[in-house]
Structures are given as C-alpha cells and as structure tokens.
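As a plain string of letters, each chain reads:
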Amino acid sequence: MSLARFSQACENNKQPIIEQLKVYFSTLSKVLEIGSGTGQHAVYFAPELAHLSWHTSDRVNNHDSINAWLAQYPSANLYPPLEFNVGVNPWPLNDVDGVFTANTAHIMQPDEVELMMSLVAQSLPSGGVMCQYGPFTFDGRFTSDSNRAFDAQLRAQGYGGLVDVSSLKKWASPMKLAECIDMPANNQLLVWRN
Ligand SMILES: C[S@@+](CC[C@H](N)C(=O)[O-])C[C@H]1O[C@@H](n2cnc3c(N)ncnc32)[C@H](O)[C@@H]1O
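Residues numbered from 1 in each chain as written. Predicted model: local features only at pLDDT ≥ 70, side-chain atom pairs only at ≥ 80, totals over all residues. Heavy atoms only, no water.

Asker: Can you break down the overall build of the protein residue by residue, with the values?
Answerer: A count of helices and strands for the protein gives six helices and seven strands. With the C-alpha coordinates aligned to their principal axes, the bounding extent of the protein is approximately 45 × 40 × 30 Å. Buried residues in the protein amount to 53% of all 194 residues. Taking contacts inside the protein between residues at least 6 apart in sequence as the whole, the part at least 24 apart equals 72%. About 9000 Å² of surface is accessible on the protein, with carbon and sulfur atoms providing 50% of the total. Seen as two clouds, the 12 positive and the 18 negative side-chain charges of the protein have centres 4 Å apart. (Helix = DSSP H or I, 4+ residues; strand = E, 2+ residues; numbered from the N terminus. Buried < 20%, exposed > 50% of the residue type's maximum accessible area, 1.4 Å probe, protein only. Contact = heavy atoms within 4.5 Å. Areas by Shrake-Rupley, 256 points an atom, 1.4 Å probe, with all protein chains shown as cover. Lys, Arg positive; Asp, Glu negative; His and termini not counted. Charge placed at Lys NZ, Arg CZ, Asp CG, Glu CD.)

What follows is the structure, given as structure tokens:
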C-alpha cells in the first residue's frame, strides 16, 4: 500500500500558487518549505522552479507521505523532508533565501506561528522572500462566511484557527509584507520580504 496521502485542496490550488511562485521566487536559489504535508505541492513546484533547490520539511509523522511522493515524482532539485516541528526543532537548513508555507498558520498554535515568523525573519538574508498561502483574517474580519465556519471548526478541534494579518506583520518584523494576493477559494498569498 502506498504511503502517499492525497489532498484534493493541493490539487485545486497548486496551479494558481505556482503561477505566483514563478514571479516571486524567480531570483532565489534555495527554498525551504515548512509543513510540506502530503508532499504534493513539492513534487509539482520543484520541476517548475528548476533554477532553485526545494527542501521539504515537516513533523516526522508526515515524512512517509512526502518521501512516497518524492519517490514517485523525483526531481533533481527536490530534497527529502527535514525534521522541522516549529517550537521543537531548531531552524533546519543553512543559506536559505526563500521560504514557502501553505495552510500551516491556522493549524499551528499562535505561539508557534509567532515563532515561525520570527525564525523566518532571522534566517532569510536581505532580499529573501517568504510566500505564505492560506486563509487569513484582516483586522479581525473574515473574508467569507465559509472561512468563519472553518475557523470555528478548527478551534473546536484544538487547532489555532485563522491568524490575523496584523499579528503576522508584528511577528514577522523586520520582514515586511510586500504583497497580499487574493487567491481562489477565499485564500491569500502573502509575500514577505526581508
Ligand atoms: C493543513 S496541513 C497543510 C499541508 C500542506 N502544506 C498543504 O497545503 O496541503 C498543515 C501542516 O502543518 C504542519 N504543522 C502543524 N504544526 C506544525 C509545527 N508546529 N511545525 C511545523 N509544521 C507544522 C502539519 O504537520 C501539516 O503538514
């Protein structure tokens, strides 16, 4: 039985996301993905971004699925998962000039999101870029009723819930929010620059 898990959301959002990554990661050389999940994003994005190396990471319980996707769709610039559980492990990779993370902030607890943002800000060089995809709130407001319902469901399950962009701005300092791009299904792509 394959260990590769499948996410329909990844299938739906991978094309709109890669279109933006081709723009914002065009000059980068080494990207760390935080919370690679199933591994589907990594195998789709890496061959489309052949000028850089793509380094997956996640908690250990997701490594089997990531490795299974990588085994099925290998790419010369795509690397096996590093153990990176924010709040537990130290920053896992040197000389990273880009970070990608999707749908992690609303799963993490707020103190973990705060730590993730500050670790990224400390680790990226001047000119480094973080692309952060997911649903967020803006000044406490939801962008849709479905996101409000999703937030309630997440919190009831013990997850952190949707994070406000104003908190992210504070935690990401001195990184600056350079772009906030509306994406399908009431998601955003936040582009942070150091
Ligand atoms: C909803 S999944 C998203 C996975 C994938 N990025 C995607 O878009 O399908 C949330 C991911 O965040 C990861 N995660 C949650 N808390 C984390 C933490 N403290 N440190 C690192 N990753 C974490 C989970 O292991 C999981 O892979």
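Asker: Give me the lowdown on the packing of helix 1 (residues 8–24) against helix 2 (residues 40–48), citing residues and values where you can.
Answerer: Each pair of packed helices gets described by two things: the angle between the helix axes and the distance between those axes. Running from amino to carboxyl end, helix 1 crosses helix 2 at an angle of 35°, the nearest separation of the two axes being 10 Å. The handedness of the crossing between helix 1 and helix 2 is right-handed. In this structure, helix 1 contributes Cys10, Glu11, Asn13, Lys14, Gln15, Ile17, Ile18, Leu21 and Lys22 to the contact, and helix 2 contributes Gln40, His41, Tyr44, Phe45 and Glu48. Within the contact of helix 1 with helix 2, the residues separate by chemical class into six nonpolar, four polar and four charged. (Axes fitted to C-alpha atoms, helices over the stretch in contact; angles between N-to-C directions. Left-handed = near helix turned anticlockwise from the far one by under 90°. Nonpolar A, V, L, I, M, F, W, Y, C, P; charged D, E, K, R; others polar.)

Asker: Explain the site of the ligand to me, and be specific about the residues and the numbers.
Answerer: Lining the immediate environment of the ligand, one finds 16 residues, of which Gly35, Asp58, Asn62, Val86 and Ala102 sit closest. At 2.7 Å from a nitrogen atom of the ligand is found a main-chain nitrogen or oxygen belonging to valine 86. Across the complex, the protein chains shield 87% of the 590 Å² of accessible surface that the ligand would expose by itself. Tallied by class, the residues present in the shell around the ligand amount to six nonpolar, seven polar and three charged. (Near = heavy atom within 4 Å. Polar contact = N/O pair within 3.5 Å; in protein donor to acceptor, adjacent residues only side chain to side chain.)

Asker: So what about the pairing of strand 6 (residues 176–183)? Which residues, and what values?
Answerer: In terms of strand pairing, strand 6 meets strand 7 (residues 187–193) through seven bridges, oriented antiparallel. Directly across from lysine 176, in strand 7, lies its bridge partner arginine 193. Following strand 6, the chain reverses through three residues before pairing antiparallel with strand 7; alanine 185 in that reversal takes a positive phi of roughly 60°. (Pairing = 2+ DSSP bridges.)

Asker: Hey, could you go over helix 4 (residues 110–123) for me, with residue numbers and the actual values?
Answerer: The end-to-end C-alpha distance of helix 4 is 20 Å, a good match for the 20 Å that 14 residues give at a rise of 1.5 Å each. Residues of helix 4 that are buried: Glu112, Val113, Met116, Met117, Leu119, Val120 and Ala121. Here the buried face of helix 4 lies against strand 1 (30–34), strand 4 (98–102), strand 5 (129–134), helix 6 (165–172) and strand 7. (Expected span 1.5 Å × (residues − 1).)

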